[in-house]
Amino acid sequence: MLKQCDDGERDFGDGSVEVEELLEALCKALWSKSYLLVFDGIWDINLDWYFRLKERLQWCNKSNQSRLIIITTRLHGVAKRMVGPNNLYRMQPFSDEDIWGSIFTLDEWWLPEEHPIVVKMKDEMIYHSHGLPLAATTFNTIMQNRVFGGE
């Protein structure tokens, strides 16, 4: 990422880089550009680093470009510390019916609902997906392999 940010101007041969260098290069790359940054699956946060990034991005925001930062996490406390209580959006889990629809009819694959493996596993898959669409997608792949044969 750093090499892309500074157009290869610096050599980071050993892979080590100071946080300030990363922040500087990122801000320089984003200056006068519209962007969407996604920090996905945050489990723990170094608040000092995040606040330094936030400061730099606010400096970058002096031009009139569109900017958006999305942070995903399952940990409410981490999200609240990062964005504050007024900027939180808590996604609700999918209903059992929606999850089953995702497991049963994803893409071009239609699992035969009457297949013994599907019948046996239906309630367990719905329960263990916890309303999360990614879990439903994973179960769909597993069931395709079990029902239709595969790896």
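It should be noted that the structure appears before, not after, this text.
A brief look at the structure comes next. (Residues numbered from 1 in each chain as written. Predicted model: local features only at pLDDT ≥ 70, side-chain atom pairs only at ≥ 80, totals over all residues. Heavy atoms only, no water.)

For the pair helix H5 (residues 96-104) and helix H6 (residues 116-129), interaxial distance at closest approach is 10 Å and the crossing angle is 125 degrees. In terms of orientation, H5 lies oblique with respect to H6. For the pair H5 and H6, the sense of crossing is right-handed. For the pair H5 and H6, the contacting residues are Asp96, Ile99, Trp100 and Ile103 in the first and Val118, Lys122, Met125, Ile126 and Ser129 in the second. Tallied by class, the residues present in the contact of H5 with H6 amount to 6 nonpolar, 1 polar and 2 charged. (Axes fitted to C-alpha atoms, helices over the stretch in contact; angles between N-to-C directions. Helix = DSSP H or I, 4+ residues; strand = E, 2+ residues; numbered from the N terminus. Parallel < 35°, antiparallel > 145°, perpendicular 65-115°, else oblique. Left-handed = near helix turned anticlockwise from the far one by under 90°. Contact = heavy atoms within 4.5 Å. Nonpolar A, V, L, I, M, F, W, Y, C, P; charged D, E, K, R; others polar.)

In this structure, the largest pocket occupies an estimated 970 Å³ of space. What lines the largest pocket is a set of 26 residues, among which Thr72, Thr73, Arg74, Tyr89 and Met91 lie closest to the centre. Mapped by element, the contributors of at least two residues to the lining of the largest pocket are strand S2 (67-71), helix H4 (76-83) and helix H7 (133-148). Grouping the amino acids of the lining of the largest pocket by side-chain chemistry returns 16 nonpolar, 7 polar and 3 charged. Secondary structure elements with two or more residues in the lining of the second largest pocket: helix H3 (47-60), S2 and H4. The class makeup of the residues in the lining of the second largest pocket is 8 nonpolar, 3 polar and 2 charged. (1 Å grid on protein atoms, 1.4 Å probe; cavity = no way out; pocket = protein on both sides within 12 Å on 5 of 7 lines; lining within 4 Å. Points joined across faces, edges and corners; volume = space filled by probe spheres on them.)

With 16 residues, H7 should reach 22 Å at 1.5 Å per residue; the first-to-last C-alpha distance of 22 Å fits that figure. For H7, the full list of buried residues reads Ala136, Phe139, Asn140, Met143, Gln144 and Val147. Taken around the axis of H7, the buried residues stretch over an arc of 145 degrees, which confines them to a single face. Exposed residues on H7 whose side chains face more than 90 degrees from its buried face are Leu134 and Arg146. Contact partners of the buried residues in H7: H5 and H6. With its phi angle positive at about 80 degrees, Gly149 sits one or two positions after the end of H7. (Expected span 1.5 Å × (residues − 1). Buried < 20%, exposed > 50% of the residue type's maximum accessible area, 1.4 Å probe, protein only. Arc of directions from axis to C-beta.)

Together, Asp96, Glu97, Asp98 and Asp123 make up a region of like negative charge exposed at the surface. Top contributing element to the negative patch by residue count: H5, with 3 residues. Secondary-structure assignment places Glu97 in helix H5. For Glu97, a relative accessible area of 61% corresponds to the exposed category. (Patch = residues over 30% accessible without salt bridge, like charges linked within 9 Å, V, L, I, M, F, W, Y side chains within 5 Å. Areas by Shrake-Rupley, 256 points an atom, 1.4 Å probe, with all protein chains shown as cover. Salt bridge = Lys/Arg side-chain N within 4 Å of Asp/Glu carboxyl O. Lys, Arg positive; Asp, Glu negative; His and termini not counted. Charge placed at Lys NZ, Arg CZ, Asp CG, Glu CD.)

Let us look at the nonpolar core. Judged by nonpolar contacts, Ile99, Trp100, Ile103, Phe104, Leu111, Val118, Met125, Ile126, Ala136, Phe139, Met143 and Val147 together constitute the single largest core of 12 residues. Secondary structure elements with two or more residues in this core: H5, H6 and H7. Those residues within four positions of Leu111 in sequence are excluded, and the remaining contacts are Ile103, Phe104, Val118, Asn140, Met143, Gln144, Val147 and Phe148. One finds Leu23, Leu26, Leu37 and Leu53 within the second-largest nonpolar core, a separate group that totals 7 residues. (Core = buried A, V, L, I, M, F, W, Y, C linked by side-chain atoms within 4.5 Å.)

Let us now look at unusual backbone geometry. Not every positive phi belongs to a glycine, and His130 is a case in point at roughly 55 degrees. Mapped onto the elements of the fold, His130 is located in the loop between H6 and H7. The exposure class assigned to His130 is exposed, which follows from its relative accessible area of 53%.

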